[in-house]
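In case you want the letters, here they are:
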Amino acid sequence: MAPLILITTLTLGAVYSLIGVGFVVMFRATGVLSFAQGAFFLLASLVFYSLTNAGLGLWIGLIVATILVGLAGALCYLTVFRPAGYNLLFVSLATVGLGTAIESAAALGWGSNLFEPKQLLPVHAHRLPGSIRITDSQIVTIIMAIILIAALFALIYRTPVGLRMRAVANDSSLAAYGGVRVTRISALAWGISAAAAGAAGVGYTLGTVIDPTSLPSLGIVVFPAIIIGGLDSLGGVAVGSLVLALVQTVVSVYVGSTWQDIVAYGLLLALLWVRPTGLFGSKNLVRV
């Protein structure tokens, strides 16, 4: 049972991490907490499904779906949220409506039926030492998460673009006076955030049937991982995602799947009492 818990935790944690880093990148760059990640997650899975059914291979489909959803995220900022102004609370709340609009558009375009993705990888499991069994789809999802999180970490902390993102989040007016092109940086952050959720959607699609009615909820389920790790910490959200995935998997195996979200959010509430900023979050964050 332990090998199954390990692989399930790593795979689910990889998906959660990709969704979570999208939240963190958006928050670090713009100060906005986006509630539309689940919708971008769904959109990418459906786009990937359509592209691969049309004949594109795994990697081309993954890249194209991720880029298209990233462009959609940037376009949403430029056409909807930038004209509305830069009230962070307003924009954060408005992303709820954005998510609903995307989900409704997806329902119109693809319908609400279950979709079974085209088999792009071998279904047999590889045997590893310790009676561990892992499939190719799980390997791809885990490796993809590691690569993308490392790339985003380098972007945020090791490049001038990352510095500009942090400056915009800290004070957009001051950043603009300092020569930072706030609109361009904000659009980039929205695009990266949506693309990260899109990559998670593709990774999730590789191993399961697509259910348009339930997939967007993963954008909310991942919140405990973000708070556990720290709202402004890329490394923290990866750790929080693994913790959340482990708790959910263990509870699902030994107690029942109906209890996994209850226990996960109970863990979140308990942590907020002990460490409100999360395990790795900045202490100057304020939560009310």
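Since this is a predicted model, take the numbers as computed values, not measurements. One numbering rule holds for all chains: residues counted from 1, following each sequence as written. Residues qualify for local features only when their pLDDT is at least 70, as the model is predicted, and side-chain atom pairs are given and counted only at 80 or more; totals for whole chains, interfaces and linings, by contrast, use all residues. Side-chain descriptors were evaluated using all non-hydrogen atoms of the structure, hydrogens and water having been removed beforehand.

In this description a helix means any DSSP run of H or I spanning at least four residues, a strand means any run of E spanning at least two, and both kinds are numbered starting from the N terminus. The topology assignment puts S241 in helix α11 (residues 234–254). Accessibility here uses a 1.4 Å probe with only protein chains present; expressed as a share of the type maximum, an area under 20% marks a residue as buried, one over 50% as exposed, and anything in between as partly exposed. The class for S241 is buried, based on a relative accessible area of 0%. Contacts are assigned to residue pairs with any non-hydrogen atoms lying within 4.5 Å of each other. The residues contacting S241, other than those within four sequence positions of it, are G13, Y16, S17 and A225.

Looking now at the environment of D232. Considering the arrangement of structural elements, one finds D232 in the loop between α10 (223–229) and α11. In this structure the C-alpha to C-alpha distance between D232 and V21, which are 211 residues apart in sequence, comes to 9.2 Å.

Next up on the list: a nonpolar patch on the surface. Patches here are clusters of residues that have more than 30% relative accessible area and form no salt bridge, with a 9 Å joining cutoff for like charges and a 5 Å cutoff for nonpolar side chains (Val, Leu, Ile, Met, Phe, Trp, Tyr). Only the protein chains shown count as cover for residues, and the accessible areas themselves come from Shrake-Rupley with a 1.4 Å probe. Salt bridge criterion: a side-chain nitrogen from Lys or Arg within 4 Å of a carboxyl oxygen from Asp or Glu. There is a patch of nonpolar side chains on the surface, built from L246, V250, V253, Y254, V255, W259, I262 and V263 and spanning about 730 Å² of accessible area. When residues of the nonpolar patch are traced back to their parent elements, those giving at least two are α11 and α12 (260–274). Tracing the backbone shows V250 in helix α11. Among the residues examined, V250 registers a relative accessible area of 30% and is labelled partly exposed.

Inspection of the secondary structure puts Q248 in helix α11. Residue Q248 is classed as buried on the basis of its relative accessible area, which comes to 2%. Discounting chain neighbours no more than four positions away, the residues touching Q248 are L12, Y16, V221, Q260, D261 and A264.

Expected span of a helix: the number of residues minus one, times 1.5 Å. The terminal C-alpha atoms of helix α3 (residues 58–81), which comprises 24 residues, lie 33 Å apart, in line with the 34 Å expected from a rise of 1.5 Å per residue. In this structure, the buried residues of α3 make contact with α2 (37–53), α4 (88–110), α5 (136–158) and α8 (182–205).

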